[in-house]
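Single-letter residue listing:
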Amino acid sequence: MSAHTLTTARRTAPGSVKALRGFLALDAVVSGGNGLAYLAFPGPLGELLGVGRSTLLELGAVLAVFGLAVGLLAARPQPPGLAVRAVIDVNLVWAVLSVVAMELWFEPTTAGYVWIPLQAATVALFAALQFTALRRLPA
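Conventions adopted
- Residues numbered from 1 in each chain as written.
- Predicted model: local features only at pLDDT ≥ 70, side-chain atom pairs only at ≥ 80, totals over all residues.
- Heavy atoms only, no water.
- Helix = DSSP H or I, 4+ residues; strand = E, 2+ residues; numbered from the N terminus.
- Buried < 20%, exposed > 50% of the residue type's maximum accessible area, 1.4 Å probe, protein only.
- Contact = heavy atoms within 4.5 Å.
- Areas by Shrake-Rupley, 256 points an atom, 1.4 Å probe, with all protein chains shown as cover.
- 1 Å grid on protein atoms, 1.4 Å probe; cavity = no way out; pocket = protein on both sides within 12 Å on 5 of 7 lines; lining within 4 Å.
- Points joined across faces, edges and corners; volume = space filled by probe spheres on them.
- Nonpolar A, V, L, I, M, F, W, Y, C, P; charged D, E, K, R; others polar.
- pLDDT = per-residue confidence, 0-100.
- Arc of directions from axis to C-beta.
- Patch = residues over 30% accessible without salt bridge, like charges linked within 9 Å, V, L, I, M, F, W, Y side chains within 5 Å.
- Salt bridge = Lys/Arg side-chain N within 4 Å of Asp/Glu carboxyl O.
- Core = buried A, V, L, I, M, F, W, Y, C linked by side-chain atoms within 4.5 Å.

Here we look at the overall build of the protein
Then, number 1: Across its full length, the protein carries six helices and zero strands.
Then, number 2: Secondary structure of the protein in N-to-C order comes out as α-α-α-α-α-α.
Then, number 3: Buried residues in the protein amount to 32% of all 139 residues.
Then, number 4: Within the protein, contacts between residues at least 6 apart in sequence are counted, and of these 75% link residues at least 24 apart.
Then, number 5: About 8,100 Å² of surface is accessible on the protein, with carbon and sulfur atoms providing 71% of the total.

Put into structure tokens, the structure is as follows:
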């Protein structure tokens, strides 16, 4: 068996699509769940994190819609590469902007200083996992 055949077999393995769909589904659940929590409890969570109520409502709406969209993408038998790349890009932008917002715009509490970087790192990890799984799919 040639090296090319082994590389092609590794890239097209059914597990790659399954892994990608799993990472997208996990992203959808976490993002959507976060969004619903922000929408349901903007006052208490805002006080806990040091982020304004209206900001959490807006972020909650964005996250709920994003979670739904990523969930629909994860449900596809073969998620389109361009759409997956868009999810990866949004996740990376979210991760960076979370930390920037924490430093420049928010006045986080101690819990906020823990939560915001933690969720940014989680989102960045989703992007890395999704990128790695996407690279293993055929072009």
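A closer look at the layout of surface pockets
Then, number 1: Of the pockets and cavities examined, the largest pocket occupies roughly 270 Å³.
Then, number 2: Lining the largest pocket are 16 residues, and of these Leu59, Trp94, Leu97, Ser98 and Phe106 lie nearest its centre.
Then, number 3: Looking at the lining of the largest pocket, the elements that each hand over two or more residues are helix H4 (53-74), helix H5 (81-104) and helix H6 (110-135).
Then, number 4: Sorting elements by how many residues they give to the lining of the largest pocket places H5 first, with six residues.
Then, number 5: Looking at the lining of the largest pocket, its residues break down into 14 nonpolar, two polar and no charged.

Some remarks on the confidence of the model for the protein
Then, number 1: Looking at the protein as a whole, its pLDDT mean stands at 91, while 89% of the residues score no less than 70.
Then, number 2: Mean pLDDT across the elements of the protein ranges from a minimum in helix H1 (residues 3-11), with 45, to a maximum in H4, with 98.
Then, number 3: Below a pLDDT of 50 lies the segment residues 1-11, which in the model reaches eight contacts outside its immediate sequence neighbourhood of four places, other chains included.

Looking at helix H3 (residues 42-49)
Then, number 1: Among the residues making up H3, those that are buried are Pro42, Gly46 and Leu49. Each buried residue of H3 lies within a common arc of 80° when the element is viewed along its axis, so the set occupies one face. Exposed side chains of H3 directed beyond 90 degrees from the buried face belong to Pro44 and Glu47.
Then, number 2: Note on H3: the residue one or two positions beyond its end, glycine 50, has a positive phi of about 80°.

Describing a nonpolar patch on the surface
Then, number 1: Taken together, the side chains of Leu26, Val29 and Val30 define a hydrophobic patch exposed on the protein surface, amounting to about 250 Å² of accessible area.
Then, number 2: Mapped onto the elements of the fold, leucine 26 is located in helix H2 (residues 14-40).

Observations concerning the nonpolar core
Then, number 1: Counting 15 residues, the largest nonpolar core has Leu20, Leu24, Val70, Val84, Val87 and Leu134 as the members making the most contacts within it.
Then, number 2: Of all the secondary-structure elements, those providing two or more residues to this core are H2, H4, H5 and H6.
Then, number 3: In this structure, valine 87 is in contact with Leu24, Asp27, Phe66, Val70, Leu73 and Gln130, ignoring residues within four places of it in sequence.
Then, number 4: By size, the runner-up hydrophobic cluster in this structure holds seven residues, among which are Tyr38, Val51, Leu63 and Met102.

Description of the environment of proline 79
Then, number 1: Looking at where proline 79 falls in the secondary structure, it is placed in the loop between H4 and H5.
Then, number 2: Sequence separation between proline 79 and leucine 134 is 55 residues, and the spatial gap between their C-alpha atoms is 9.4 Å.
Then, number 3: Proline 79 has contacts with Val17, Leu20, Arg21, Leu24, Leu73 and Val84, leaving out every residue within four places of it along the chain.

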